[in-house]
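Take a look at the letters that make up each chain.
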Amino acid sequence: MNKRKDLVIISIHKTNKLYFAAAFSQKGKIVRIALPQTNLEDLVTEISNYHPKFIINNMYDEIVGIIAEIYHGNTSNFDIELLELNISNESSHETATLNTTFERDVILEVASIPHGQVKTYKEIATAVKTQGYRAVGTAIGKNPFPIVVPCHRVVRSDGKIGGFRGGKQMKIEMLINEGFKIKSDKILLEK
DNA sequence: GATTGACGCCGAG
DNA sequence: CTCGGCGTCAATC
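Residues numbered from 1 in each chain as written. Chains lettered and ligands numbered in written order. Predicted model: local features only at pLDDT ≥ 70, side-chain atom pairs only at ≥ 80, totals over all residues. Heavy atoms only, no water.

Under an unreviewed UniProt entry, chain A has the name methylated-DNA--[protein]-cysteine S-methyltransferase and belongs to Methanobacterium lacus. The UniProt entry for chain A carries the following text under Sequence similarities (unreviewed entry): "Belongs to the MGMT family." (UniProt positions renumbered as here; feature names shortened; annotations may be inferred.)

Shown next, in the form of structure tokens:
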């Protein structure tokens, strides 16, 4: 699972029923975002799988609050500069969170999908100049910054929803929050 | 090398 | 519409 040794700061935000959390490096950059959970412990456990050394502090709660808003479909755009996009094998950055340039290319491409729009895995693949559609799916599946990097806005070419780390249900919920209509596992393009 | 994916495409029922 | 089978390629074993 590629554990990091650096100390991270976890900040938390709670909405009605869901807890949100993100891990920040010493430089104040986001190194990982956790998918929301109803249980606070599960949330922290998920992050600690990647960052065993952490402290919980409320200093970034506001940023995590913005992430929660995006999850709920608000249009607030997020400054991608806040994300740690260094690659681990490229520079032995102790704060690196991505593994390869391929992953970064894919993540950056997904990050460019505007609120309220979707793209297909194939379109992402074309954009990063590969025909390895499945490899693209795998890279998106490892997205360390869900919600902010809107991997939920990537669907299959036949209109089906496709997979999601936090379960297809959560992906569907996020798309509905953004105004999409979904019928029997397919997304309807005219909202 | 061989296997495994958050996929895509085509053809057969 | 559903399935199988094959294409493709990066990561992992």
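### A closer look at the pairing of strand β3 (residues 30–37)
Most of β3 sits out of view: seven of its eight residues are buried. Bridge count for strand β2 (residues 19–24) against β3 is five bridges, and the pairing is antiparallel. Bridging from a neighbouring strand, Tyr 19 pairs with Gln 37 of β3. If you look at the hairpin formed by β2 and β3, you'll find five residues sitting between the two strands, and Gly 28 has a positive phi there, around 85 degrees. (Buried < 20%, exposed > 50% of the residue type's maximum accessible area, 1.4 Å probe, protein only. Helix = DSSP H or I, 4+ residues; strand = E, 2+ residues; numbered from the N terminus. Pairing = 2+ DSSP bridges.)

### Some thoughts on the pattern of salt bridges
For the coordinates displayed, the defined rule picks out five salt bridges. Salt-bridge contacts for Glu 103 lead to Lys 142; the nearest nitrogen and oxygen are separated by 3.0 Å. Of the two residues, Glu 103 sits in helix α4 (residues 101–111) while Lys 142 sits in the loop between α6 (133–141) and β6 (154–155), which places them 39 residues apart along the sequence. (Salt bridge = Lys/Arg side-chain N within 4 Å of Asp/Glu carboxyl O.)

### Side note on the side chain of Glu 178
Inspection of the secondary structure assignment puts Glu 178 in the loop between α7 (168–177) and β7 (181–183). You can call Glu 178 buried: its relative accessible area is 5%. Here the side chain of Glu 178 touches Arg 153 through a polar contact of 2.9 Å, side chain to side chain. (Polar contact = N/O pair within 3.5 Å; in protein donor to acceptor, adjacent residues only side chain to side chain.)

### A word on the domain arrangement of chain A
By the assigned domains, chain A splits into domain 1 (8–82) and domain 2 (100–188). On a C-alpha basis, the centroid separation for the pair domain 1 and domain 2 is 20 Å. Taken together, the contact pairs 16 residues of domain 1 with 16 residues of domain 2. Summed over the three residues of domain 1 that lose the most area to domain 2, namely Ile 33, Leu 35 and Tyr 71, the buried surface amounts to 44% of that side. Summed over the shared surface of domain 1 and domain 2, the result is zero salt bridges. Breaking the side of domain 1 that touches domain 2 down by element, the ones donating at least two residues are β3 and α2 (61–71). No other element matches the six residues that β3 contributes to the side of domain 1 that touches domain 2. Within the side of domain 1 that touches domain 2, the residues separate by chemical class into 11 nonpolar, four polar and one charged. (Domains from an automatic or database assignment. Contact = heavy atoms within 4.5 Å. Buried area = accessible area lost by both parts, 1.4 Å probe. Nonpolar A, V, L, I, M, F, W, Y, C, P; charged D, E, K, R; others polar.)

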